[in-house]
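Now for the letters of each chain:
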There are 2 protein chains.
Amino acid sequence: MKFSIYKEALNEAIQQVSKAVPSKTSIPILSGIKMDVNGAGLSLMASDTDISIQSFVPATVDGETIVRMERPGSVVVPAKFFVDIVRKLPENEVHVDVSELFLISIQSGPIDIQLAGLDPEEFPQLPLLGEDRKFTIQSAVLKEMIQLVSFAVSTSEAAPVLTGVNWTLEDQVLKFAATDRHRLACVERAIDCPEELRFHNVVVPGKNLNELNKILPDQSELIDIVIADNQALFRAGNVLFYSRLLEGTYPDISKIIPGTYKAETIFDTIRLEAAIDRAYLLSREEKTNIVRLTMTDNDREVEISSSSSELGRVTERLSAESISGEPMKISFNSKYMLDVLKVVEDEKIFIGFTGTMSPMVLRPAGDEGALYLILPYRTLN
Amino acid sequence: MKFSIYKEALNEAIQQVSKAVPSKTSIPILSGIKMDVNGAGLSLMASDTDISIQSFVPATVDGETIVRMERPGSVVVPAKFFVDIVRKLPENEVHVDVSELFLISIQSGPIDIQLAGLDPEEFPQLPLLGEDRKFTIQSAVLKEMIQLVSFAVSTSEAAPVLTGVNWTLEDQVLKFAATDRHRLACVERAIDCPEELRFHNVVVPGKNLNELNKILPDQSELIDIVIADNQALFRAGNVLFYSRLLEGTYPDISKIIPGTYKAETIFDTIRLEAAIDRAYLLSREEKTNIVRLTMTDNDREVEISSSSSELGRVTERLSAESISGEPMKISFNSKYMLDVLKVVEDEKIFIGFTGTMSPMVLRPAGDEGALYLILPYRTLN
């Protein structure tokens, strides 16, 4: 294979696929990036078997030649050094020439690089997916949905299915849910897809969604999504992102979402976050993160407090926008509430209480589609 | 003790002294910050026994009251939580009230904090230093001198004195030297001090100088320096920074600095740094960081190369500004050269060669006061 390419185009594609290169692997070929060049352009691919990313650089863009192919072919180039050196090349033209023994020569301005490549035949093939469950979503909507729930997945491998986000599609509404058994995050958004398209129990690993989020464009570009039996494919422009799906049955969360509340409050999101954060500072020293919210005699005021047996106590009065129902006193993991308040962009947040020992429900006041549930700590006083 | 203070003033002083709070300590009192308030203002102090920092907030600044003392006194407040919470207080007025049992009440707007303080009598006293070796230096000059040499101190405790920077003052010239036996950095600057003031073998721990550097102002403010037997004191405005001095005799480096060269070159600093950095990328994979510089037949060009038995080879041609003397071929630790090139701000850098197996000398072309020495690798080819 032999081709020339603009450094910036090569670098952008490398940065995209490099997110799939495993930092450690027992399979040497996976520590490389597969390059394929032909008349259509250059394609790069990396895989850690959990996710695979392919990025394609077309030969021409708007009539300008980006990749000039002289001899088609493939090779696997060692990723670690390649990723860094291409980013630091001083000139814009990069010439790549690969011998039959996979010796890679890279030349750019005054720089000559010789690299020992690997046989591309050894590199894993991208899965071929049946496209019967296929739909399209705006990149910004997908990014928002990921951000609103992915923090709540479990980090414990004890129940692997809980390390993923559960996707459900029904009646043209896409739903994401994540839980680690102590808290739950879910969001739903109407999407434009065939009415008859539906699926459930499609569980995408949370960490893969976070990686996907990094390469999704911010703009309202459309993302194609294909859901197959054990893989999901996301296509964003010239980038293909494959994620393994998790096996197992995701728990039914619909039963645990309360329908009525004993008390309802609305807070300014930023002021609540700041107050919880201050109480968290002390409670994290106890490693429990326990913060208590107490409704006071003053109608519109709550007290947020935490204490550490060793250090002391912090108490703060916070005015709510509104409070109704029974007076409540509830202790909870402040880290869980901060996680929610950090991703919610609404100015106001609703908190519904179902009892001192029962779940709290948080909702962005202006977004009926998002819902968070936090279990309280069971404390004696 | 009882006083009120502006949050910003308290926070600034806390951030300064907190750099001396040890992250781990077997002496509980040291995990705190000592506060002293009296009619003159508030003083904060922290110490890890290696460095101690004191910051003073005067009662009034330009006629404005910053600290309003109601009852003088002292207490030691637990640093970890205190540092974070003060930074995150929402209002500007902070009221502090300490009981006789060292129970600290902090009140700011809607927030009440109770902290268990410690007895200030247990906190180590600041050393009393004889001021016979005292001089003054511009903050910017001291910062530059620290930056130009401190990276070259040894990180090995095998020879503790080499983990410090050796200070010498003679004939109104202050000299800093640092070496880890593989490379040497030294810088000298003329300063304004009494002609008869002189000292040598004053060795300040490199990491303490880096901490000092963080709190030194960038401006041309004057810093008072007192050198005592086993302590140095730096006074920058309202901040006092005490550093322990290292015991032992610093090696005499004057003998190893070559007076003549077999070859002399001048490079553009930024272009040389970029070329060495590219060769370093490959050589670091070998963990040796070995890069070779070879003078070519072309008068003004050198070749910079590195190789990895596993990955391959990178070769780059670089034009020098000037080359004279014998043709040279030398292998060296590229990390050592990058460390120098990163701190040198001169556009041009001089490199003098004394032989393939002998030290290289680097000097910023426009700064006779700074000098670096790098020992070559002894390789066979």
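Residues numbered from 1 in each chain as written. Chains lettered and ligands numbered in written order. Predicted model: local features only at pLDDT ≥ 70, side-chain atom pairs only at ≥ 80, totals over all residues.

**Things to note about the overall build of chain A**
Then, in step 1: When helices and strands are counted, chain A shows six helices and 28 strands.
Then, in step 2: Along the first, second and third principal axes, the C-alpha atoms of chain A reach 80 × 55 × 40 Å.
Then, in step 3: A sequence separation of at least 24 residues applies to 67% of the contacts in chain A between residues at least 6 apart. (Helix = DSSP H or I, 4+ residues; strand = E, 2+ residues; numbered from the N terminus. Contact = placed C-beta atoms within 7 Å.)

**Concerning the sheet that holds strand β13 (residues 164-170) of chain A**
Within a sheet, adjacent strands bond to each other through the backbone by hydrogen bonds, running parallel or antiparallel.
Residue and element names in this part refer to chain A.
Then, in step 1: Read across the sheet, nine strands follow the order β16-β13-β14-β15-β28-β27-β26-β20-β24 without closing on themselves; strand pairing throughout is antiparallel. For this open sheet the edge positions go to β16 (199-205) and β24 (322-325), each flanked by a neighbour on one side alone. Across the sheet, the mean angle from the axis of one strand to that of its neighbour is 20°, orientation sign disregarded.
Then, in step 2: Along the sheet, helix α3 (residues 139-149) contacts β13, β14 (173-179), β15 (183-190) and β28 (370-374); its crossing angle with β15, the most-contacted strand, is approximately 165°.
Then, in step 3: Running over the sheet, helix α6 (residues 334-343) touches β15, β26 (348-353), β27 (360-364) and β28 and is turned about 170° from β28. (Pairing = 2+ DSSP bridges. Axes fitted to C-alpha atoms, helices over the stretch in contact; angles between N-to-C directions.)

**Some details on the relation of the copies chain A and chain B**
Then, in step 1: The operation relating chain A to chain B is a screw motion whose rotation component is 180°, with 0.0 Å of axial translation and a residual RMSD of 0.0 Å. The operation mapping one copy onto its partner corresponds to a two-fold rotation axis. Taking the C-alpha atom as reference, chain A places A:Ser23 closest to the rotation axis, 15 Å from it.
Then, in step 2: Here 100% of the interface residues in chain A have copies in chain B that are interface residues too; the copies meet face to matching face. (Least-squares fit on C-alpha atoms with pLDDT ≥ 70 in both.)

**Here's the deal with the sheet that holds strand β26 (residues 348-353) of chain B**
All names here are of chain B.
Then, in step 1: The strand order across the open sheet formed by nine strands is β16-β13-β14-β15-β28-β27-β26-β20-β24, and the pairing between neighbours is antiparallel. Two strands close off the open sheet at either side, each with one partner strand: β16 (199-205) and β24 (322-325). Ignoring which end each strand starts from, the neighbouring axes of this sheet average 20° apart.
Then, in step 2: With four bridges connecting them, strand β20 (residues 263-268) and β24 associate as antiparallel partners. The partner of Thr-265 across the bridge, within β24, is Ile-323.

**Section: the interface of chain A and chain B**
Then, in step 1: In this complex, chain A contributes 28 residues to the contact, which on the side of chain B involves 28 residues.
Then, in step 2: Of all the secondary structure elements, the ones that give two or more residues to the side of chain A that touches chain B are α2 (79-87), β11 (111-116), α5 (269-283) and β23 (312-319) of chain A.
Then, in step 3: Tallied by class, residues from the side of chain A that touches chain B come to 15 nonpolar, three polar and ten charged.
Then, in step 4: Across five bridges, the pairing between β11(A) and strand β23 (residues 312-319) of chain B is antiparallel. (Nonpolar A, V, L, I, M, F, W, Y, C, P; charged D, E, K, R; others polar.)

**Quick look at the domain arrangement of chain A**
Then, in step 1: What the domain assignment reports for chain A is domain 1 (2-122), domain 2 (134-254) and domain 3 (257-374).
Then, in step 2: For domain 1 of chain A versus domain 3 of chain A, the separation of C-alpha centres amounts to 50 Å. (Domains from an automatic or database assignment.)

**Things to note about the environment of A:Asn213**
Then, in step 1: Its location among the elements puts A:Asn213 in helix α4 (residues 206-215).
Then, in step 2: What makes A:Asn213 partly exposed here is the crowd of 16 C-beta atoms within 10 Å. (Buried ≥ 20, exposed ≤ 12 C-beta atoms within 10 Å, placed from the backbone.)

**Overview of the pairing of strand β14 (residues 173-179) of chain B**
All names here are of chain B.
Then, in step 1: Among the seven residues in β14, five count as buried, and that is most of the element.
Then, in step 2: Where strand β13 (residues 164-170) and β14 come together, five bridges link them in antiparallel fashion. When the sheet's bridge partners are listed, Thr-168 is paired in β14 with Lys-175.
Then, in step 3: The turn linking β13 back onto β14 is made up of two residues, and Asp-171 within it adopts a positive phi angle of 50°.
Then, in step 4: Taken together, the seven bridges between β14 and strand β15 (residues 183-190) define a ladder with antiparallel strand orientation.

**Focus: α4(A)**
Then, in step 1: Regarding α4(A), the residues found buried are A:Gly206, A:Asn208, A:Leu209 and A:Leu212. Summarising the axial view, the buried residues of α4(A) lie within an arc of 155°, below the 170-degree limit, and thus occupy one face. (Arc of directions from axis to C-beta.)

**Topic: the environment of B:Ile5**
Residue and element names in this part refer to chain B.
Then, in step 1: By secondary structure assignment, the location of Ile-5 is in strand β1 (residues 2-6).
Then, in step 2: The class for Ile-5 is buried, based on 26 C-beta atoms found within 10 Å.
Then, in step 3: Note: C-alpha distance between Ile-5 and Gly-73 (68 residues apart in sequence) is 15 Å.
Then, in step 4: Ile-5 has contacts with Leu-10, Leu-42, Val-57, Ile-66, Val-67 and Val-94, leaving out every residue within four places of it along the chain.

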